[in-house]
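Here's the letter readout for the chains.
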Amino acid sequence: MKPHCLLSLVLTFVGAIGVRAEAPDFNAVAPIFMKYCVGCHNDGDREGKLTLESYDGLLTGGEHGAVVTAEQLDLSRLVRVITGKAEPAMPPEGSETPSQEEIQTIVAWVTAGARGPSGAPPDPANLVTPKVELLKPARQTLQSAALSSDGKLLALGGYRVVKILDAATQTVLRELPGIPGNVNNLQFIANGEQLLVAGGEPGLFGEVQVRNVADGALLRSLRGHKDCLYDAVLSPDGKTLATAGYDYQIVLWNFETGEQTKTLHGHNAGVYDLEFSPDGQILASASGDRTVKLWNVASGERLDTLGQSLLELYAVAFSPDGKRVAAGGVDNRIRVWEIGPGAKEGTNPILHARYAHEGAILRLAYTPDGKSLVSTAENRSVKIWNAEEMVERHLLDQQSDWPVALAVAPDSQSFFVALLDGGFSRFLVESGQIQPPSPPPAPELATISPRGVERGKTTRVTLRGAHLAAVNYVQSFEPLVQVAIAEDAPRDDNSLVIDVTPDATMFRGPVRFKLQTPASEGQPAVLQVDFIPQAVEATPDVARSVEHLNALPVGVWGALSVPGDEDSFTFEATAGDTIVFDLLAKLTGSELNAVLTVFDDSGKLVASSNDFDGVEDPLVALEIPRSGRYRASVKDLAASGSDKHFYQLAIGKLPYVTGCYPLSVPPDAKTRVNLLGYNLPAEATAEVTAGAIGDAGVPVDANQYRLRRPLMVAIGTMPESLEAEPNDAPERATSISAPATVGGRIFAEDGGHDVDIFRFDSPAGKQWIIETNAAGRGSPIDTKLELLLPDGRPVPRVLLQAVRDSNIEFRPTDSNASGFRVKNWEEMHLNQYLY
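Below: a short report on this structure. Everything numeric here is computed off the predicted structure, so don't read it as measured data.

Some words on the pairing of strand β51 (residues 711-715)
Taking burial as the measure, the 5 residues of β51 include 4 buried ones, the bulk of the element. Across 2 bridges, the pairing between strand β47 (residues 664-665) and β51 is parallel. Each bridged residue has a counterpart across the sheet, and for S664 the counterpart in β51 is A714. Looking at chain direction, strand β50 (residues 695-698) and β51 are connected through 4 bridges and run antiparallel. Note that in β51 the partner of D695 across the bridge is A714.

So this is what it looks like as structure tokens:
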């Protein structure tokens, strides 16, 4: 018996038993007939001209006439032979016999009138078997293997399971559920996007499933045999499916419609292997009747029978050029025939008959270049042959179990061998040595959703990227942030779900983490921790979407995923409140050059921003003019868009620190500075501890205030003082003693104009350096410095006179240009300057 269905044989002989206490019908006894009788008495093999496969067939009877007479046990031959009252006793000697309970079910059915089936017949796929407690976990076997056309994916099939693996690393990417019985053959089709799965339940049915490789989804299912399938292969043009099994039959299908087109009769035993010729015109079949048969695919005509084999044949293979057919089986020999034009009878002479293995040959496969033939056998041996001369090139190390499956790489450099005990290995054709799996690639992240989490809460974060299936650990670089794989969430090689829990005392800001596998680790990635609730854009795939925010404050994570996309968020606000709109993009690694605009309920623009603090991330602080609904919109300055154009928009009465005052402090001292910004307490301060020279950090409580960058103040090298308002006129100037450092603010509470004027004494002829340091310390002011005489008139420093045309040419400039062209620039010389 060919090994493919060994694990299923016990299921063949323990079918479902349907027992009914009163008036059983045919559905009650059909499983018993299927279990003990249909193997010989079926529609295809009517031993004694009798079939018990259907109620109509039973009523027709056999060569001895009717086998059941309703309500008459003594006249019912079926009852008499199964009870031993008539010859020959059934089932035959050596076969399993029905139990007394099963016999009583048949007796009760006949006594009650031998009624036909009522309702749907029992599904043969749903076997009801005795529960056998295992003493140890069942061994996961393998029966079949296949490589995708690009050699990147390996499929392995066993009992009710198919696994898709990365061929290079040999790591499992996904498992396909819902497979009936043993998977005896696999074939990648549709350019590797689909997988053909052949199997079924022995003695019940054969089934071909078509599975989607990406997610394992069942695309279609075909049944047409009354026993498990040993093979199912799709023709090279993808139009014809050939199936074969233990029921002696070969069925050809229109693969597109799923209709059976031909049934090929001629074998007298199970058909174990099929292969199309490279041009798809000829089908070769290997059978337990010791023959290889060649069939015309278009007509179904049998072209030739190659009958030189002494015992059952298990494997057949066409050479890549279609000119040879090799076969092997129980007589331990590999035979190779030359295929003549049209493969007509008498035109296919045998070329080689090699005693190949000291055990039955299980599998044969040519390499795509036609130079080598690989064979496996029951004595756990694997050999590589010179295909042209059929000379043994390599005998591989003995395997741990039967090598029941072969899959040759499309580049002809290597092949996989799968074993009955569940093991598998990759071997090099040239040397016969094992090719170890490649180290798995490091996990890669493409998107994170959401990219921000709220402290004190557990947030489920979805990671998408590549090579994520093997990730077994997530490392957080911050002890206050716990990160773990969500074991209850689905995962595959392209997605992973993690649970992130920042401590309630965690600071606001970025936290790094990285993904690890047993053999590699990914690059660090970043999550943002915040102290306000975090949300994800509800309609990320809808361009120019509008979403209402029910409550503020909130941090919304979104992305402008397509060019021209614009996200809008509406919210309710109260007059007099200062609503802060803090948009983070560039600062979190995004490619978005964001433009933030705010509109009132009439559509009037009330605020806009493109950058803040020298970074292309907008910040808007809007004092709400009147209560009502407002809309904040986010778009890209250049109307670009992609998954890398992500952002976080925090909206609310957020306490936001933009700077401090003063910008310098005395050395070697503690100084309290004022914090500046929006929605801050009246006396928001921080104590700065300064050293001798350089800069000093301003400690800002990140758990209380939002800010974008660390605040720093200069440590003064001269006496420090502050302006004294009012000092916006010469007569009210703040007196200082130079040299000195003076801190000041350009600020007018009524929204008017402010000027800070300082008075110092200087003898005639002395030189002074006077400079401001504002933008360099993070201040938004663009300062202008003037030196005045005591009466307020400017001190003359240079007299300018135009010596060239001073007009500017606007016409050649468009909306994409950042500068203008000076007219008559050709008259200028190298190193001349413009003012």
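What about the sheet that holds strand β31 (residues 473-476)?
Backbone hydrogen bonds are what pair the strands of a sheet, in a parallel or an antiparallel way. Strand order in this open sheet of 4 strands is β29-β35-β34-β31, and the pairing throughout is mixed. Edge positions in the sheet fall to β29 (452-454) and β31, since each has one partner strand and no second. Averaged over all neighbouring strand pairs, the angle between strand axes comes to 35°, with direction disregarded.

Things to note about the environment of R139
Residue position: R139 is located in the loop between α5 (100-111) and β1 (144-147). Through-space distance from the C-alpha of R139 to that of L420 is 9.5 Å; in sequence the pair is 281 residues apart.

Side note on the sheet that holds strand β45 (residues 646-652)
In space, the 5 strands of this open sheet follow the order β36-β38-β45-β40-β43, with mixed pairing throughout. On the outer flanks of this sheet lie β36 (534-536) and β43 (619-623), each paired with one strand and no other. For this sheet, the mean inter-axis angle between neighbouring strands, taken without regard to orientation, is 20°. In this structure, strand β38 (residues 554-559) lies alongside β45, joined through 6 bridges in antiparallel fashion. Pairing of G555 across the sheet is with A650, part of β45.

With respect to the pattern of salt bridges
The tally for this structure, following the rule as stated, stands at 28 salt bridges. Linking R706 and D582 is a salt bridge whose minimum nitrogen-to-oxygen distance equals 3.7 Å. Separated by 124 residues along the polypeptide, R706 in the loop between β50 and β51 and D582 in strand β40 (residues 578-584) bring together distant segments of the chain. Note that E616 is salt-bridged to K586, the shortest N-O span being 3.9 Å. Highlighted residues: E616 in the loop between β42 (605-609) and β43 and K586 in the loop between β40 and β41 (594-599), separated in sequence by 30 residues. Accessibility expressed as a relative area gives 36% for E616, which makes it partly exposed. Relative accessible area serves as the criterion here: at 33%, K586 is assigned to the partly exposed category. Through salt bridges that share partners, R508, D530, D582, R706 and R708 make up one connected network.

Focus on the packing of aromatic side chains
For the coordinates displayed, the defined rule picks out 12 aromatic pairs. Taken together, a centroid distance of 5.4 Å and an interplanar angle of 65° make the contact between F26 and Y55 edge-to-face. In this pair, F26 is assigned in helix α2 (residues 26-36) and Y55 in helix α3 (residues 55-60), connecting sequence segments 29 residues apart. Both residues of the pair, F26 and Y55, count as buried.

Cut-offs used in this document
Residues numbered from 1 in each chain as written. Predicted model: local features only at pLDDT ≥ 70, side-chain atom pairs only at ≥ 80, totals over all residues. Heavy atoms only, no water. Buried < 20%, exposed > 50% of the residue type's maximum accessible area, 1.4 Å probe, protein only. Helix = DSSP H or I, 4+ residues; strand = E, 2+ residues; numbered from the N terminus. Pairing = 2+ DSSP bridges. Axes fitted to C-alpha atoms, helices over the stretch in contact; angles between N-to-C directions. Salt bridge = Lys/Arg side-chain N within 4 Å of Asp/Glu carboxyl O. Phe/Tyr/Trp six-rings, centres within 6.5 Å; stacked < 30°, edge-to-face > 60°.

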